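Chain and residue survey
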Amino acid sequence: MRYFVTGKQMKQIDQDTIERIGIPSLVLVERAGLAVADAVEEIITSGHPDLSARDKNKKNVRILIACGTGNNGADGIVVGRILHGRGYEAVVFLGGNPEHETEEHRRQQKIAEALGVTMMRKTEDLSGNWDVIVDAVFGIGLAREITGEWKNILEQLSEIAKRDGAKVVATDTPSGIHSQTGHVMGTALRADLTVTFGYGKTGLFLYPGRNYAGKVRVADVGFSDVSLERVGWDCKSLEESDLADLPVRQSDGNKGTFGKVLVIAGSRGMSGAAYFSALSAYRTGAGLVKVLTVSENRAVIQTQLPEAVVSVYDPDQITAEEHSTDFLREACDWADVIVLGPGLGQEPYVEYLVEAVLEHAYVPMVLDADGLNTVASHPYLTRYFTENIILTPHMGEMARLCSCPISELREDPVQTVKAYSSRYGVTCVMKDASTLIADKDGTVWLNTSGCSAMAKGGSGDVLTGIIAGLLARGMDCDRASAFGVYLHGLAGESGSAKFGENGVLASNLADEIAKLA
Ligand SMILES: NC(=O)C1=CN([C@@H]2O[C@H](COP(=O)(O)OP(=O)(O)OC[C@H]3O[C@@H](n4cnc5c(N)ncnc54)[C@H](O)[C@@H]3O)[C@@H](O)[C@H]2O)[C@@H](O)CC1
Ligand SMILES: Nc1ncnc2c1ncn2[C@@H]1O[C@H](COP(=O)(O)OP(=O)(O)O)[C@@H](O)[C@H]1O
Ligand SMILES: [K+]
């Protein structure tokens with residue numbers, strides 16, 4: 001399990017560490033600089049073949065460290081001093097108004113001066129021929145849009161990096177990326193590697209920040225979880241070691257032990273969504289899967305997935321009259337878990353179908369796709385929401401549910417998903433390239449697995465099935481959602497390794513999940 005913090009929380013952790021725990025700021029800055037210097041040296045000696053060839057003559061390796069006036073800049077001066085000490089041609093650029101420099105910054109300048117580190121202040125000197133650029137302009141202190149001189153400097157650095165093919169290593173955050181939202185604040189410098197201190201910052205894992213951060217390494221520079229607990233965190237993330245917490249399949253279990261999943265999905269001419277959800281629920285370990293769909297889909301689903309029980313209805317017979325949906329009540333009574341929505345379409349009868357299921361289901365339910373669209377266009381249906389419901393909207397569906405544009409949801413996505421979940425008392429999985437999951441208790445999970453191979457029709461139906469499979473195996477709604485999204489992303493990564501990012505199909509994701517869950 002990993003914890004992500006906002007810049008504001010990180011500042012409080014800094015303060016707690018220095019003032020309550022008593023580790024001097026000087027020590028933290030030194031360790032931060034050392035962690036970045038080590039990362040730069042690793043890139044020089046291993047990651048960059050051109051550089052390692054010249055490694056015997058370190059003086060030929062040219063490193064520019066661009067420093068702002070805050071403590072991010074102070075870290076940068078330490079990086080310059082350490083690399084200078086190790087024999088590299090490290091040049092420190094000090095930008096901005098010297099009057100704004102922090103105490104730490106000035107202290108580091110004095111030390112660097114005493115050791116003969118080259119420091120310069122003229123922007124004209126930036127355009128040397130650099131092998132590595134260390135970005136120590138802005139860290140978590142970035143407080144507003146970048147304009148004027150700093151905008152010019154960052155844009156110049158971007159161009160120089162491109163021109164020279166220089167690797168860019170960001171100190172704590174890529175300058176210009178908001179540490180909480182991942183937004184670009186006017187301009188930002190793209191890094192190959194970001195060495196961030198203590199805890200991951202949420203904005204490094206949300207797009208577009210995730211693209212600018214490159215690889216992210218969290219360096220231990222002396223912060224303690226004691227401070228994290230006192231201050232709090234923004235969101236959590238699962239990692240591979242957490243998979244040990246998946247429910248173990250009982251050796252003496254039978255199909256009843258592993259849960260009965262009812263997939264209410266599909267419409268005339270639309271059977272794929274039901275198939276992907278049902279297949280994925282089975283592949284994740286559900287004991288029995290029943291697909292409830294329109295009569296026209298019976299043959300195709302029985303052929304594609306003979307393991308599933310198929311039950312059908314005639315949509316023309318579903319009306320506002322209560323008895324017309326009696327068959328749904330019976331179907332719900334049979335199930336341990338319900339999936340409602342994939343490929344249901346938006347014909348008028350779907351409203352009555354969704355209302356009947358929401359009203360009569362007393363088991364965990366994943367509400368997806370057209371189930372969500374139906375709720376969005378008939379908001380009275382939210383009155384049936386209970387703590388047993390997981391919603392899995394993509395950003396378009398979330399915008400419909402919240403009646404606001406996607407751009408507004410993205411202003412602060414963590415707060416968006418948290419607010420929706422707490423307003424309705426449901427688990428909410430807001431699907432995106434970085435999916436966020438809000439538990440009913442207010443915990444937000446930020447998913448870090450997955451890749452663009454998953455941006456394809458049918459991926460969402462697979463996720464629905466995976467979450468249903470985990471519910472069937474006994475996980476609660478919150479855990480099944482966080483683990484389901486994480487596993488779904490891992491399936492995307494392993495599918496992508498086999499078929500390439502362009503070639504993965506939804507059915508491949510379902511197959512990959514078999515080995516992971
Ligand atoms: N003791 C500490 O406080 C530690 C701080 N650390 C480093 O210090 C960083 C935070 O330092 P600071 O709080 O000094 O903040 P930063 O160094 O990130 O930046 C703040 C400075 O930039 C200016 N600024 C902010 N937004 C601007 C904009 N859009 N345009 C122009 N100027 C702008 C501020 O006025 C201030 O002078 C961390 O990211 C980390 O790198 C680490 O060394 C660990 C210990
Ligand atoms: N670029 C991406 N990186 C990681 N995951 C992605 C990316 N694009 C899409 N996904 C994931 O793929 C799934 C797509 O779901 P959805 O939009 O509902 O598709 P569909 O309706 O076609 O099944 C979501 O789980 C989403 O998080
Ligand atoms: K930085």
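Residues numbered from 1 in each chain as written. Chains lettered and ligands numbered in written order. Predicted model: local features only at pLDDT ≥ 70, side-chain atom pairs only at ≥ 80, totals over all residues. Heavy atoms only, no water.

Going by the annotation in an unreviewed UniProt entry, the name recorded for the protein is Bifunctional NAD(P)H-hydrate repair enzyme, with Brotaphodocola catenula given as the source organism.

1. Comments concerning the UniProt feature "binding site: AMP" (unreviewed entry) in the protein
Sequence positions flagged by UniProt for "binding site: AMP" (unreviewed entry) are, in local numbering, Lys431, Asp432, Ala433, Ser434, Thr435 and Gly460. A stretch of 30 residues holds the annotated residues, and the largest C-alpha distance among them is 13.6 Å, short enough that they meet in one place. Taking the annotated residues in turn, Lys431, Asp432, Ala433, Thr435 and Gly460 line the second largest pocket. Examined against the element boundaries, Lys431 turns out to sit in the loop between β17 (427–430) and β18 (436–438). (UniProt positions renumbered as here; feature names shortened; annotations may be inferred. 1 Å grid on protein atoms, 1.4 Å probe; cavity = no way out; pocket = protein on both sides within 12 Å on 5 of 7 lines; lining within 4 Å. Helix = DSSP H or I, 4+ residues; strand = E, 2+ residues; numbered from the N terminus.)

2. A look at helix α1 (residues 7–21)
With 15 residues, α1 should reach 21 Å at 1.5 Å per residue; the first-to-last C-alpha distance of 20 Å fits that figure. Inspection of α1 places Gly7, Gln9, Met10, Ile13, Asp16 and Thr17 among the buried residues, and these make up the whole buried set. The positive-phi residue at the C-terminal boundary of α1 is Gly22, with phi of around 100°. (Expected span 1.5 Å × (residues − 1). Buried < 20%, exposed > 50% of the residue type's maximum accessible area, 1.4 Å probe, protein only.)

3. Considering empty space enclosed by the protein
Across all of its chains, the model carries one cavity of 30 Å³ or more by this definition. Each pocket or cavity is described by its volume, and for the largest cavity that value is around 40 Å³. For the largest cavity, the full set of lining residues is Lys236, Ser237, Leu238, Ile437, Trp445, Leu446, Asn447, Ala482 and Tyr486. At the level of elements, β10 (235–237), β19 (444–446) and α18 (477–499) are the ones that each hand at least two residues to the lining of the largest cavity. Here the lining of the largest cavity is built from residues that sort into six nonpolar, two polar and one charged. (Points joined across faces, edges and corners; volume = space filled by probe spheres on them. Nonpolar A, V, L, I, M, F, W, Y, C, P; charged D, E, K, R; others polar.)

4. Describing the site of ligand 2
Taken together, 17 residues surround ligand 2, and among them Lys431, Asp432, Thr435, Gly458 and Gly460 come closest. In the environment of ligand 2, a nitrogen atom lies 3.2 Å from a nitrogen or oxygen atom belonging to the backbone of Cys451. Between ligand 2 and Gly458 there is a distance of 3.0 Å, counted from an oxygen atom to a backbone nitrogen or oxygen. Starting from 580 Å² of accessible surface for ligand 2 in isolation, the protein chains cover 78%. The cavity that encloses ligand 2 is the second largest pocket. Per-element accounting of the shell around ligand 2 gives the leading share, four residues, to helix α17 (residues 459–472). (Near = heavy atom within 4 Å. Polar contact = N/O pair within 3.5 Å; in protein donor to acceptor, adjacent residues only side chain to side chain. Areas by Shrake-Rupley, 256 points an atom, 1.4 Å probe, with all protein chains shown as cover. Sits in = over half its atoms within 2 Å of the grid points.)

5. Some thoughts on the sheet that holds strand β2 (residues 62–67)
Read from one edge to the other, the open sheet built from seven strands follows the order β4-β3-β2-β5-β6-β7-β9, with strand pairing classed as parallel. Two strands bound the open sheet, and with one partner strand each, they are β4 (118–120) and β9 (215–219). Between one strand and the next, the sheet's axes are offset by a mean angle of 20°, whatever the strand orientation. (Pairing = 2+ DSSP bridges. Axes fitted to C-alpha atoms, helices over the stretch in contact; angles between N-to-C directions.)

6. Some thoughts on the site of ligand 1
Every one of the 24 residues lining ligand 1 counts as a neighbour, but Lys11, Asp75, Gly139, Arg144 and Asp172 are closest to it. In this structure, an oxygen atom belonging to ligand 1 sits 2.3 Å away from a side-chain N or O atom of Lys11. Measuring from an oxygen atom of ligand 1, one finds a backbone N or O atom of Ile140 at 3.0 Å. Assessed atom by atom at 2 Å from the grid points, ligand 1 resides in the largest pocket. Listed by contribution, the elements that provide at least two residues to the shell around ligand 1 are α1, α2 (25–47) and α4 (71–85). Classifying every residue of the shell around ligand 1 by side-chain character gives 11 nonpolar, seven polar and six charged.

7. Some words on the layout of surface pockets
Considered as a void within the structure, the largest pocket measures approximately 1000 Å³ in volume. Only α1, α2, α4 and α6 (148–164) provide two or more residues apiece to the lining of the largest pocket. A breakdown of the residues in the lining of the largest pocket according to their chemical character gives 15 nonpolar, 14 polar and seven charged. Surrounding the second largest pocket, 32 residues form its lining, Lys431, Met454, Ser459, Gly460 and His488 being those nearest its centre. Where the lining of the second largest pocket is concerned, the elements lending two or more residues are α13 (369–377), α17 and α18. The dominant element in the lining of the second largest pocket, judged by the number of residues it contributes, is α17, at four residues. Tallied by class, the residues present in the lining of the second largest pocket amount to 11 nonpolar, 13 polar and eight charged.

8. Concerning the coordination of the potassium ion (ligand 3)
Geometry reference: four tetrahedral donors at a metal, ideal angle 109.5 degrees. Six octahedral donors, ideal angles 90 or 180 degrees. Coordination of the potassium ion (ligand 3) by the protein comes from Asn72 (OD1), Asp135 (O), Phe138 (O), Thr171 (O) and Thr173 (O), over a distance range of 2.5 to 3.1 Å. Every donor residue of the potassium ion (ligand 3) comes from the same chain, spaced as N-x62-D-x2-F-x32-T-x1-T. Taken as a pair, Asp135 in strand β5 (residues 132–136) and Thr173 in the loop between β6 (167–171) and β7 (193–197) lie far apart in primary sequence, 38 residues in all. Comparing Asp135 with Thr173 shows no difference in burial state: the two are buried. (Donors = N, O, S within 2.8 Å, 3.2 Å for Na, K, Ca; no water.)

9. Thoughts on the packing of α13 against helix α14 (residues 395–402)
It is at 8 Å that the axes of α13 and α14 come closest, and there the two elements cross at 20°. Looking at the two axes, α13 sits roughly parallel to α14. The handedness of the crossing between α13 and α14 comes out as left-handed. Counted together, Ala369, Leu372, Asn373, Val375 and Ala376 of α13 and Glu397, Arg400 and Leu401 of α14 form the full contact between these two elements. Here the residues of the contact of α13 with α14 sort into five nonpolar, one polar and two charged. (Parallel < 35°, antiparallel > 145°, perpendicular 65-115°, else oblique. Left-handed = near helix turned anticlockwise from the far one by under 90°. Contact = heavy atoms within 4.5 Å.)

10. Side note on the packing of aromatic side chains
This structure, assessed with the given rule, holds seven aromatic pairs. On the numbers, 4.4 Å between centres and 20° between planes, the contact of Phe4 with Phe205 is stacked. Taken together, the positions of Phe4 in strand β1 (residues 2–5) and Phe205 in the loop between β8 (200–201) and α7 (209–213) put the pair 201 residues apart, joining distant regions of the chain. Assessed through its relative accessible area of 1%, Phe4 is described here as buried. Arranged with centres 5.6 Å apart and planes meeting at 35°, the rings of Tyr313 and Phe327 form a pair that is tilted. Of the two residues, Tyr313 sits in strand β13 (residues 309–313) while Phe327 sits in helix α11 (residues 326–334), which places them 14 residues apart along the sequence. Of the residues examined, Tyr313 reaches a relative accessible area of 5% and is grouped as buried. Residue Phe327 is classed as partly exposed on the basis of its relative accessible area of 26%. One aromatic cluster in this structure is built from Phe385, Tyr420 and Tyr424. Over the face of the ring belonging to Tyr212 we find Arg190, whose NZ or CZ atom lies 4.3 Å from the ring centre. (Phe/Tyr/Trp six-rings, centres within 6.5 Å; stacked < 30°, edge-to-face > 60°. Lys NZ or Arg CZ within 6 Å of the ring centre and 35° of its normal.)

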